[in-house]
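The chain contents come next:
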Amino acid sequence: MTEKKRIVSGMRPTGKLHLGHYFGVLANWKKLQSEYDSYFFIADWHALTTKFDATDTLCDNVLNVALDWLACGIDPEHSTIYVQSMVPQIAQLHIYLSMITPQNWVERDPTLKDMARALREGGHSEAQVSYGLLGYPVLMSADIMMFNAHYVPVGVDQIPHVELTRDIIRRFNNTYKTDFFIEPEPLLTQIPLMKGIDGNKMGKSFNNDIKISDDEETTTKKIMSAITDRSRLRRDDPGHPEDCEVVFDYWKIFSDEVKIEEIEGLCRMGQIGCAQCKRELAKRVNELLAPIREKRRQLCENPKVVREILLEGSQKAQKDAQIVLDKVKEVVRMY
Ligand code: TRP
Ligand code: SF4
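To start, this report covers the structure provided alongside it. Here the structure is a predicted model, which is why all the values come from computation and not from measurement.

**A closer look at the site of ligand 2**
As a structural note, the neighbourhood of ligand 2 is formed by Thr-228, Asp-229, Arg-232, Cys-244, Val-247, Cys-267, Ile-272, Cys-274 and Cys-277. When the residues that make up the shell around ligand 2 are grouped by side-chain class, the tally is six nonpolar, one polar and two charged.

If you want it as structure tokens, here you go:
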């Protein structure tokens, strides 16, 4: 049997996750975890790069992310699930990488420029761009290199970071005359981005998201509030699903060909009202999420179990990471 290729991916602990995370990331990870030797981690150091002064909710956020992952089927039997700060080897590797990374490589990072702008616009007076934030892409390279990953499942916005990781790896291998580190490739997610309930990109800060952990009533309320085809005034007016961005898009995500065609037909012929259509969609969404929510509820009652999973995953990650770190120290020729 050939050994499985390794993947590493991480997520910042932003708190309770939404359906965009589910369809955009977690459903994909769930599938990948049986094909690859998978390392999934909660990037709490990365959270500190911009929110170093908002740590009162950090622990809670980490726990909520872990709950959502586990409820969605990220399985500790298949994947190594850990918290970044619980694997200190990553910080050590980051030090070595920070020495060989030219300053202008990090300064031209496009994501970093966006984050710096957002920080300034958010009125963070004292914190323009911290030393740590500048090192964000190098820390991410350490995350990936720590397990010598072959692939990194990420969205397109993260591609420059994987490119930088490859640059750093080439420089490391060259400098220390080794071929130890593998140049990883991004593993792009094919799933379309899920829109928020107002038609914009789904995001916590836009207040337009449906949380994995929302209850049925909240979910239904949110769906019922979506804007539909604006040209439809009466329930028997013929509708235009293509102008009904949110609800019809959700139907496409949440059901099969047959159902999609049925809704499309009924809508075009004016045989279903938007309220009824949304109510049916909400029912569908709630049905699909029911087992996930039930699992989350059970885990929620047992936070100890979740903490144990993170602890065990982090210990396993530490063991694997130490092997890589020892090799790094050897080739760098540390004392
Ligand atoms: N930067 C990623 C994001 O904001 C999160 C992340 C940190 C990550 N380290 C990583 C993703 C390593 C993949 C691999 O979404
Ligand atoms: Fe959208 Fe459904 Fe109304 Fe058609 S019937 S416009 S698909 S909400």
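So much for the structure itself; the text now carries on.
**Structural notes on the site of ligand 1**
Taken together, 13 residues are adjacent to ligand 1, and Phe-41, Tyr-136, Met-140, Asp-143 and Gln-158 come closest. Here a nitrogen atom of ligand 1 and a side-chain polar atom of Tyr-136 are 2.7 Å apart. Between a nitrogen atom of ligand 1 and a side-chain N or O atom of Gln-158, the distance comes to 3.0 Å. In the complex, 88% of the free accessible area of ligand 1, which totals 360 Å², lies under the protein chains. In terms of residues, the shell around ligand 1 owes the most to one element, helix H8 (residues 136-145), which gives four residues. In terms of residue class, the shell around ligand 1 is made up of seven nonpolar, four polar and two charged.

**Some words on the environment of Leu-164**
Turning to its location among the elements, Leu-164 is positioned in helix H9 (residues 159-175). Each C-alpha atom of the pair Leu-164 and His-150 lies 15 Å from the other, and the pair is 14 residues apart in sequence. The contact partners of Leu-164, leaving out residues within four places of it in the chain, are Trp-105, Pro-137, Val-138 and Ser-141.

**Here's the deal with the packing of aromatic side chains**
Scanning the model with the defined rule gives 13 aromatic pairs in all. Considering the side-chain rings of Phe-23 and Phe-254, the 5.1 Å spacing of their centres and the 85° angle between planes classify their relative orientation as edge-to-face. Taken together, the residues span a long stretch of sequence, with Phe-23 in helix H1 (residues 19-35) and Phe-254 in helix H11 (residues 245-254) at a distance of 231 residues. A relative accessible area of 14% places Phe-23 in the buried class. Look at Phe-254 and you get buried, because its relative accessible area is 4%. Among the aromatic residues, those joined into a cluster by ring pairs are Tyr-22, Phe-23, Tyr-250 and Phe-254. For the cation-ring pair, Arg-171 lies above Trp-105, with the distance from its terminal atom to the ring centre recorded as 5.5 Å.

Criteria and thresholds
Positions within a chain are numbered from 1, following the residues in the order the chain's sequence is written. Each chain is given a letter, starting from A, and each ligand a number, starting from 1, according to the order in which they appear as written. Given that this is a predicted model, residues contribute local features only at a pLDDT of at least 70 and side-chain atom pairs are listed and counted only at 80 or more, while totals for whole chains, interfaces and linings are drawn from all residues. Derived side-chain values reflect all non-hydrogen atoms in the structure, with water molecules and hydrogen atoms excluded from consideration. For each residue, the test is whether any non-hydrogen atom lies within 4 Å of the molecule or strand; if one does, the residue is near. Polar here means any residue outside two lists: the nonpolar Ala, Val, Leu, Ile, Met, Phe, Trp, Tyr, Cys and Pro, and the charged Asp, Glu, Lys and Arg; Gly therefore counts as polar. Under the rule applied, a polar contact is a pair of N or O atoms within 3.5 Å (in protein, one hydrogen donor and one hydrogen acceptor; residues adjacent in sequence only if both atoms are side-chain atoms). Accessible surface area values rest on a Shrake-Rupley calculation with a 1.4 Å probe, where residue burial reflects the displayed protein chains alone. Strands are runs of DSSP state E lasting at least two residues, helices are runs of H or I lasting at least four, and both sets are numbered from the N terminus onward. Residues are treated as being in contact if the distance between any of their heavy atoms lies within 4.5 Å. Aromatic pairing here means that ring centres of Phe, Tyr or Trp (its six-membered ring) are within 6.5 Å. Orientation follows from the plane angle: under 30 degrees is stacked, over 60 is edge-to-face, and everything else is tilted. In this scheme, a residue with accessible area under 20% of its type's maximum is buried, one over 50% is exposed, and one in between is partly exposed, where area comes from a 1.4 Å probe on protein chains only. Remark: a charge is flagged as sitting over a ring if the NZ atom of Lys or the CZ atom of Arg is within 6 Å of the ring centre and within 35 degrees of the ring normal.

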